[in-house]
Amino acid sequence: MIGHVGDTVACRVCGGVVEAFLDLGAQPISQRFRDPADGSPEVFFRLAVGQCGSCTMVQLCQEIPREEMFHEGYPFRSSGSRAMTGHFTAVAERFLETELTGPDPFVVEIGCNDGVMLRTIRRAGVRHLGFEPSGDVAEAARAAGVRVRGEFFEEATAARAAEAEGPADVVYAANTVCHIPYLDSVLRGVDALLAPGGVFVFEDPYLGDVLARTAFDQIYDEHFYLFSARSVRAAADRFGFELVDVERLPVHGGQVRYTLARAGARRPAAAVAELLEEERSRGLTDEAVLRGFATRTARVRDELVAMLTALRRDGSRVVGYAATAKSATLLNFCDIGPDLVPFICDTTPAKQGLVTPGKHIPVRPPGEFARPYPDYALLFAWNHAEEIMSKEREFRRAGGRWLMYVPRVHVV
Ligand code: SAM
Ligand code: TMP
Ligand code: ZN
């Protein structure tokens, strides 16, 4: 089967040879929560990740059809996190103050979800358009007054939008470009849509942070690419763009915001060369470094399973907190089911009452967390740790402890 360590596939960006360095096993669609009574077979794929020997792009070895992931019932809501809502409001405000100050400015967002960013743009009365193929979340954005095309962004849909709306000053995407295997089509689409002096800005999980934190659960079906400055620069170069700025972001466990402009249109910021140099000195794309990450991943799995097994033996109660997409990778790779984690609390209405993909752990509203508090809460949304721990302060006061597995298994 494709995807075992050492197997090779063709690079989705440049056609080079991608060699798998980590095999996370058979995995379900990460956000396909299901009815507990549903006995129909689940879709599984092989989750292995490799690096291209030519352009260094880190990518999955198997592509999952986009309609399997992004459809009417896609449950993820960007506005579910207060911290992320603040983050996207700040993104919009910064665009309004910088790139969108000309006459009749226009901004396009790829993967606008429930309109968390574009709402602020709309309130400012600035022309905008979101691309959002997942029906329910697109509807939530429309309900907030945001203009949305219910389509996948790609070359053809972008060209149609360009024809209808004219050139965009900014094309923006958060946590979406890395979800799209057809990056070639996306970059051609941006080429069709972007004004000559415009920018394409996107932010996604950063390879450097994933490796530093051994955050292997950042690898799942939707995260097809794991970008670095080096691989993004190579992709930009292939399609007539230039990487002109990079910014490290603390959100979602460590991201980078990349700014692309048409080649030669803007002078690259010093941060680009600095990050490229940092990646070089860390050996971020060295095979040995990637294999070291794979070794640490196996260690985290073994330690976490040993810890949960010991807690069960001692009669301690463990509950999961936040049924993230990331948790699908963790649970299925570690083979953790309801025997070790009887249920997971999550605020997302569309997940509650269902069971997790693959391991079939029930998802319940957060209200059930305190009835009574467990001894340990396994925190799957470690990227929202601050927000969740401050909301659940009472849990620790009652003697409960958070069980974490990033960057290593530990209790707080
Ligand atoms: N931007 C939001 C954020 O950061 O919270 C949403 C991120 S969510 C993980 C990814 C979103 O991208 C989903 O709402 C999905 O439907 C959408 N998406 C996936 N492929 C897309 C494509 N080709 N064009 C536009 N949106 C896409
Ligand atoms: P994410 O890590 O992909 O952003 O997913 C976050 C998940 O965590 C989502 O299912 C909602 C859930 N969540 C809670 O249950 N409580 C919270 O306070 C927060 C911020 C998120
Ligand atoms: Zn390549």
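The rules behind each value
Residues numbered from 1 in each chain as written. Chains lettered and ligands numbered in written order. Predicted model: local features only at pLDDT ≥ 70, side-chain atom pairs only at ≥ 80, totals over all residues. Heavy atoms only, no water. Near = heavy atom within 4 Å. Polar contact = N/O pair within 3.5 Å; in protein donor to acceptor, adjacent residues only side chain to side chain. Nonpolar A, V, L, I, M, F, W, Y, C, P; charged D, E, K, R; others polar. Helix = DSSP H or I, 4+ residues; strand = E, 2+ residues; numbered from the N terminus. Buried < 20%, exposed > 50% of the residue type's maximum accessible area, 1.4 Å probe, protein only. UniProt positions renumbered as here; feature names shortened; annotations may be inferred. Donors = N, O, S within 2.8 Å, 3.2 Å for Na, K, Ca; no water. Tetrahedral: all angles 85-135°; square planar, octahedral: opposite > 155°, others 65-115°. Pairing = 2+ DSSP bridges. Contact = heavy atoms within 4.5 Å. Axes fitted to C-alpha atoms, helices over the stretch in contact; angles between N-to-C directions. Core = buried A, V, L, I, M, F, W, Y, C linked by side-chain atoms within 4.5 Å. Domains from an automatic or database assignment.

You'll find the chain entered in an unreviewed UniProt entry as Class I SAM-dependent methyltransferase, with Actinomadura miaoliensis given as the organism.

Enquirer: Before we move on, could you go through the site of ligand 1 and cite the residues and values that matter?
Expert: Taken together, 21 residues lie near ligand 1, and S78, E132, S134, F153 and N175 sit nearest. Here an oxygen atom of ligand 1 sits 2.5 Å away from a polar atom, N or O, in the side chain of E132. In the model, an oxygen atom of ligand 1 is placed 2.7 Å from a nitrogen or oxygen of the S134 side chain. A per-class count over the shell around ligand 1 returns 12 nonpolar, seven polar and two charged.

Enquirer: An account of the environment of G80 is needed here, citing residue identities and associated values.
Expert: Position of G80 among the secondary structure elements: in the loop between α1 (66-69) and α2 (82-97). Residue G80 is classed as exposed on the basis of its relative accessible area, which comes to 52%. A sequence separation of 268 residues divides G80 from T348, and the C-alpha atoms of the two residues are 7.2 Å apart.

Enquirer: Requested: an account of the UniProt feature "domain: Methyltransferase putative zinc binding" (unreviewed entry) in the chain, with residues and values cited.
Expert: Taking the numbering used here, the UniProt-annotated feature "domain: Methyltransferase putative zinc binding" (unreviewed entry) corresponds to residues 11-70. Taken end to end, residues 11-70 is 7% helix and 40% strand, and its two terminal C-alpha atoms sit 23 Å from one another.

Enquirer: Go over the coordination of the zinc ion (ligand 3) with me, naming the residues and quoting the values.
Expert: Within the first shell, the zinc ion (ligand 3) binds the protein through C11 (SG), C14 (SG), C52 (SG) and C55 (SG), at distances of 2.3 to 2.4 Å. Between the four donor atoms coordinating the zinc ion (ligand 3), the angles at the centre fall across 100 to 115 degrees, so the site counts as tetrahedral. Each donor residue of the zinc ion (ligand 3) lies on the same chain, and together they follow the pattern C-x2-C-x37-C-x2-C. Here C11, found in the loop between β1 (8-10) and β2 (17-28), pairs with C52, found in strand β3 (residues 44-52); they are 41 residues apart in sequence, far enough to count as distant. Residues C11 and C52 agree in their burial class; the two are buried.

Enquirer: Account for the sheet that holds strand β15 (residues 363-364), naming residues and giving values.
Expert: Whenever strands of a sheet pair, they do so through backbone hydrogen bonds, lying parallel or antiparallel. Pairing within the open sheet is mixed, and its six strands lie in the order β15-β14-β13-β16-β17-β18. Every other strand in the sheet has two partners, leaving β15 and β18 (410-411) as the edge strands with one partner each.

Enquirer: If you had to explain the sheet that holds strand β6 (residues 127-131) to someone new, which residues and values would you point to?
Expert: Spatially, β7-β6-β5-β8-β9-β12-β11 is the arrangement adopted by the seven strands of the open sheet, whose pairing is mixed. Both outer strands of the open sheet, β7 (148-149) and β11 (241-249), are each paired with one neighbouring strand and no more. Of the strand pairs in this sheet, strand β9 (residues 194-205) and strand β12 (residues 255-262) are connected by seven bridges, and their pairing is antiparallel. Paired with D204 across the two strands is V256, which belongs to β12. With respect to the sheet, helix α8 (residues 229-238) is in contact with β9, β11 and β12, its orientation differing from that of β11 by roughly 155 degrees.

Enquirer: How would you sum up the nonpolar core? Please name residues and give values.
Expert: Counting residues in hydrophobic clusters, the biggest one holds 115 residues, and the most contacted among them are F200, F227, Y258, L260 and Y405. Ranked by residue count, the leading element in this core is helix α10 (residues 287-313), at seven residues. Each of domain 1 (78-287) and domain 2 (288-411) gives at least three residues to this core. Every residue in contact with L260, bar those within four places of it in the chain, is listed here: L187, G198, V199, F200, F202, V232, A236, F241, E242, L243 and V244. Among the nonpolar cores identified, the runner-up in size contains 24 residues, and A92, V146, Y172 and A174 belong to it.

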